[in-house]
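# Summary of structural features
Listed below are the residues making up each chain.
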Amino acid sequence: MKFKLTCILPVAIMAVAALSYHLAALGKQASAESENAFASAKRAVEEENYADAIDGYSSLIESGQHSAASYHNLAVAHHRSGDLGRAILNYERAAKLDPRASDIRANLERARKDSAILEAPAPGYERMANSLSPNAWSAIAASGLFALGLIAVGRAMRLLDWPSRAIRASATIAVAAVTLPAAALAVQHRASEGRAIVTSADTSLRVSPFDLAKTVTGLKPGKAIHILPEKHGDFHLAQLESGQKGWVKASEFENTNITAK
Amino acid sequence: MRPLLPTFLLLASVLVAQAAPQIEAQIQPSEIGLGESARLTVTLSGATSKTPPELPEVDGLSFQAAGQSSQISIINGKTSSSVGFTYRVTAERTGEFEIPAIRAQNAQSKALKLRVDATGKVAPNPLGNPGTAPADIDIDTEGLAFLKVERADNGERDHLYVGELTPIAIRAFFREGTQVSQVTRPTLDGGAFTLHQLSEDPQQQSTTIDGKRYRVLTWFAGLSGVKAGDEKLAATLNATVGIPQAPNPRRAPQRRPRSPFGGSLFDDPFFDSAFDSFFQRMEQRQISLSSEAMPLAIKSLPTENRPASFDGAVGQFKLGHFSVPTELETGSPIELKVTVSGKGNFDRVTAPQILPAGKWKTYTAKHRTEPGDTVGYKASKTFTLPAIALEPGDHEVGFSFDYFDPVSGSFETISTQTMPVAISGASISAVEAAPQPGAAPAASDALAPLRDSAGRSPNDPAPLYTQSWFLALQAIPAAALIAAGVISIFRRRHYDPISVQHRATRKAIDTHLKGLAVARQSQDGSSFFAHARRALQHQLAEEWNCHAEAITNEDISQRLPKGSDVARVFAMADAVEFSGVRPDPDSYGEWQDRVETALAAIDAPQATKSEQKQTWGEVPQPA
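Conventions we followed
- Residues numbered from 1 in each chain as written.
- Chains lettered and ligands numbered in written order.
- Predicted model: local features only at pLDDT ≥ 70, side-chain atom pairs only at ≥ 80, totals over all residues.
- Heavy atoms only, no water.
- pLDDT = per-residue confidence, 0-100.
- Helix = DSSP H or I, 4+ residues; strand = E, 2+ residues; numbered from the N terminus.
- Contact = heavy atoms within 4.5 Å.
- Buried area = accessible area lost by both parts, 1.4 Å probe.
- Salt bridge = Lys/Arg side-chain N within 4 Å of Asp/Glu carboxyl O.
- Polar contact = N/O pair within 3.5 Å; in protein donor to acceptor, adjacent residues only side chain to side chain.
- Nonpolar A, V, L, I, M, F, W, Y, C, P; charged D, E, K, R; others polar.
- Core = buried A, V, L, I, M, F, W, Y, C linked by side-chain atoms within 4.5 Å.
- Buried < 20%, exposed > 50% of the residue type's maximum accessible area, 1.4 Å probe, protein only.
- Axes fitted to C-alpha atoms, helices over the stretch in contact; angles between N-to-C directions.
- Parallel < 35°, antiparallel > 145°, perpendicular 65-115°, else oblique.
- Left-handed = near helix turned anticlockwise from the far one by under 90°.
- Expected span 1.5 Å × (residues − 1).
- Pairing = 2+ DSSP bridges.

Time to look at the confidence of the model for chain B. Residues and elements named next belong to chain B. This prediction gives chain B a mean pLDDT of 75; 78% of its residues lie at or above 70. Here helix H2 (residues 263–267) stands out as the least confident element of chain B, with mean pLDDT 36; strand S22 (residues 315–319) is the most confident, with 91. In the model, residues 120–140 has pLDDT below 50 throughout and makes 44 contacts with residues more than four positions away in sequence or in other chains. In the predicted structure, residues 248–279 sits below a pLDDT of 50 and forms 67 contacts with residues beyond four places in sequence or in another chain.

Here is the structure:
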């Protein structure tokens, strides 16, 4: 009996899609020890002991607990302690991991409002690209590629006796499932590359990369800047949303990208 | 009653003016010397298009377009637009000319008169008179331009409250006759005030002050005080202004003559129109204009009687209607809409409180603001407020809103009418109704709640698409795609029916050629010609797309030229088979060559087949 993919193919594609999605969302579940540390830090926030809370959440993150919850709660601790720069930084990081969480978005908006920072609304395509996390988009693209490969093999090996119209439609959907996430990832990458948040209260955009250089403009904590590749000593060339360029000290900002320590 | 009459008339005229486009024509000056030019300005207000007006033909006058300007004004949300067309009018002879009514878009202007006398004695020049600046132009450079800040309330109050927004207009006045090439947007001196929504492009108008014409650039903005204290409000802007210079003495004969009505009228730079100025020598000057400092106190909001739910709204507001279901269940989320409208600092207007207080759990409201003017002073802000009823019972539901009224200097609380709502279900506490992680934060709490669990975290926080294992995994489907492509190409080649038939034909022909060689060796004439015929039949069958066995001698004679190699082989094969003819054993080699040549000719590439068909029959006959 000739083996046929006809019935198996949709099931296989759906299974891989689900697997990929879970793969994207999957990570290590926090250990009991981490959960205890998390709860302890949360208590510290509730007791308004923000320094301990910030230490607690920071330690958790440094130990590899890069969850949206850790970044969100760290941001709340900074927010309540009045450090709006680091609050916005960590809200943005949490939003990268869980872009659909409305509590993170609401708090981020609130922090920007509190620091009187106006962010120009992102264009529509960028908002659409940011509606899912990079991992979710990656998972969709991987599923699409898998489906495309399976359809192609099934077709080439004559294991698929679907009408050619159905095969063409499935292949088109699979191609879209690869190309659209790829485009979204490209947009996300472009928007987030070099994005940094000012964390220091007395930050200035300087004309030249020296401490005593003339100031172009002052930068409020929480202000988003775009770090350009040029570097001179401790200073990085940065660009504001308005297009203004200047030098910012490395200790005065932090990149929003999440990296393993 | 008497004071109302002018107001009524003004309103009526405005309404009429808005109904249809209006056209206004002006000619300045109305008397010129021969060789001079006058400026004709046609202004279309409320026009739907910018089509230039139809200029009448006037014998002895010529009109030359000198420019076009447009102006859009938005005042208190009402938009009005006007388009101005400027023409230079020159006369070919002296006399009194009447310019008939100018028409545009179903509107017409009044007729105009222009008197041309011979004073100038200069031949008409349609290109204008470069350098013919008025001889005695005397512009007081001190009074060339000035800046003024005007408050919408005309300074009725000598103070503002912190956070209060009041509309202002910043007007820059430039004497006509000057050329303004660059103007920066105005800024406020000091740090006590801030400007909100300062208009990008200024509104342009002309006005007369003390008998002098000025061009006025007006910016609109909202003004608010930042800190309490006795402050002075002043604005500054920088501009580059071209100032007409005294004419070159060598051009004295081309000076414009003084008016017969006295020098002062035409000495005014107003009569140096923009295009006249274009031909004059201009001295460019950078000037900085500062308005007169206006004392304006900024007061802190009183702390007495400040409502607990006051959130910084300063102005005069009112609440619109709202709707709510008449029956509800506790814990069921609903969305309520309510509108706050009026004038004030709408950026500080937050969602009104739902009544009865304490019976609801509310969440962050979404809002949409409909501006009523360009500076955001008058607006209407609609809130969509998610809420959950906590207590069952019959409640009178409404909204209340607290604000500070800067006119009365007191806090005000306004409420909507209440509506009866029957709420069923069990009483729930606010804590139970608190949002889960991921839900919107409660309005009463400034921030969304902390997450309770650390949750899952990725092994590597870097995005999947940057991780090598993920990229390597994608090699599997990518390899499958490539393999599928290769398989498809192979299958297409291998299972193609034409290829299959071709391979079978080649095989059969090879078998018969081998049989033919064996028969030649054994001098078996019958077998030799039988194999020769079969080989040719197979080759022809592929060519003619029919069965090999079906090809007979008759087909050959019909489809191939007479005397062809193929026909001769078929004829010889028939003769050997049916007539017992025994061919000369020495001729087997020639016959074999002939068969192979014929096979090659039939199997020749498609491109040369048509030529081959012609030559099949021309193979040299065996000796």
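Moving on from the coordinates now.
Time to look at the interface of chain A and chain B. The partner chain B presents 35 residues to the 52 residues of chain A that form the contact. Summing both partners gives a buried area of about 3800 Å² for chain A against chain B, and 61% of it is carried by carbon and sulfur. Linking chain A to chain B there are three salt bridges. A salt bridge links Asp-98 of chain A to Arg-451 of chain B; the shortest N-O distance between them is 3.7 Å. Where chain A packs against chain B, one counts ten residue pairs in polar contact (both at pLDDT 80 or more). Elements that contribute at least two residues to the side of chain A that touches chain B include exactly helix H1 (8–25), strand S1 (28–29), helix H2 (32–46), helix H4 (68–81), helix H6 (102–114), helix H8 (134–156) and helix H9 (164–192) of chain A. Class assignment of the residues belonging to the side of chain A that touches chain B gives a composition of 26 nonpolar, 17 polar and nine charged.

A few words on the nonpolar core. Counting 35 residues, the largest nonpolar core has Phe-38, Val-45, Tyr-57, Ile-88, Tyr-91 and Ile-104 of chain A as the members making the most contacts within it. Counting residues per element, the ones that place at least two in this core are H2, helix H3 (50–62), H4, helix H5 (84–97) and H6 of chain A. In contact with Ile-104 of chain A, other than residues within four places in its own chain, are Ala-68, His-72, Tyr-91, Ala-94, Ala-95 and Asp-98 of chain A together with Arg-451 of chain B. Ile-509, Ile-556, Ala-567 and Val-569 of chain B belong to the second-largest nonpolar core, a separate cluster that totals 29 residues.

Working note: a packed helix pair is described by the angle between its axes plus the distance between those axes. Residues and elements named next belong to chain A. Orientation of H8 relative to H9, taken along the N-to-C sense of each, is 150°, at an axis distance of 8 Å. With respect to their mutual orientation, H8 and H9 come out roughly antiparallel. Crossing hand, H8 versus H9: left-handed. Contact residues: Pro-134, Trp-137, Ser-138, Ile-140, Ala-141, Gly-144, Leu-145, Ala-147, Leu-148, Ile-151 and Arg-155 in H8; Ile-167, Ser-170, Ala-171, Ala-174, Val-175, Ala-177, Val-178, Pro-181, Ala-184, Leu-185 and Gln-188 in H9. Residue composition of the contact of H8 with H9, grouped by class: 17 nonpolar, four polar and one charged.

Okay, H8 of chain A next. Residues and elements named next belong to chain A. For H8, with 23 residues, the first-to-last C-alpha span of 33 Å sits near the 33 Å given by 1.5 Å per residue. Buried residues dominate H8, accounting for 18 of its 23 residues. One or two positions beyond H8, positive phi appears at Arg-158, with a value near 55°.

The next subject is the sheet that holds strand S2 (residues 31–33) of chain B. Residues and elements named next belong to chain B. Strand order in the open sheet formed by three strands is S2-S9-S6, with mixed pairing between adjacent strands. Strands with a single pairing partner mark the edges of an open sheet, and in this sheet they are S2 and strand S6 (95–99). The average angle at which neighbouring strand axes cross in this sheet is 25°, direction not considered. Bridge analysis of S6 against strand S9 (residues 112–117) gives five bridges, and the strand direction is antiparallel. In the strand pairing of S9, Glu-98 is matched with Lys-113.

With respect to the helices, strands and loops of the structure, Gln-537 of chain B is situated in helix H7 (residues 525–544). With relative accessibility at 7%, the residue Gln-537 of chain B sits in the buried group.

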